[in-house]
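Residue-level structural notes
Below are the chains, spelled out letter by letter.
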Amino acid sequence: MDINTCVMQCCIPEEGTSHFFGLTEERWSSLRGKSFWITGGGTGFGYAMAYAVLSAGATVFISGRRESKLR
């Protein structure tokens, strides 16, 4: 397992609320309450995107090729 996988698996969405992931606070708060479907959400960039919008208070649906990674 590489360090990036380890870091992402240890993320707690509630701790992401203080980080706007490069967005303005206004844009960040506009994501709250919206729904997003993230493909490839089990690993890599898809996982990071799912984490970010979940941290903003959005509802996130993920899909991907490997069920074990989606869990």
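Counting restarts for each chain: residues are numbered from 1 in the order of the written sequence. With pLDDT at 70 or above as the cut-off, local features in this predicted model cover only qualifying residues; side-chain atom pairs require 80 or more to be listed or tallied, and sums for whole chains, interfaces and linings still use all residues. For side-chain calculations, the full set of non-hydrogen atoms in the structure is used, while hydrogens and water are omitted.

Details of the pattern of salt bridges
Take a side-chain nitrogen of Lys or Arg and a carboxyl oxygen of Asp or Glu: if they are within 4 Å of each other, that pair is a salt bridge. Within this structure, the stated rule accounts for 1 salt bridge. Across the pair Arg 71 and Glu 67 runs a salt bridge, and its minimum N-O distance is 2.5 Å. This pair shows no difference in class: Arg 71 is exposed, exactly as Glu 67 is. Each residue is assigned to one of three classes by its accessible area relative to the maximum for its type, calculated with a 1.4 Å probe on protein chains only: buried under 20%, partly exposed between the two thresholds, exposed over 50%.

Some points on the nonpolar core
Core analysis: the largest hydrophobic core is formed by 5 residues, namely Trp 28, Leu 31, Val 53, Ala 56 and Ala 58. Contact definition: two residues touch when any of their heavy atoms are within 4.5 Å. When sequence neighbours within four positions are dropped, the list of residues in contact with Ala 58 reads Leu 31, Arg 32, Gly 33, Lys 34, Phe 36 and Val 53. In this description, a nonpolar core means a group of buried Ala, Val, Leu, Ile, Met, Phe, Trp, Tyr and Cys residues linked to one another through side-chain atoms lying within 4.5 Å.

A few points about the environment of Leu 70
Per the convention used, a helix needs a DSSP run of H or I reaching at least four residues, while a strand needs a run of E reaching at least two, with both numbered from the N terminus. For Leu 70, the position within the fold is in helix H4 (residues 67–70). For Leu 70, a relative accessible area of 26% gives the class partly exposed. With 23 residues separating them along the chain, Leu 70 and Tyr 47 place their C-alpha atoms 8.9 Å apart. When residues no more than four places from it in sequence are discounted, the contact partners of Leu 70 are Gly 41, Gly 42, Ile 62, Ser 63 and Gly 64.

Fair warning: the whole summary comes from geometry, so function is off the table for now.
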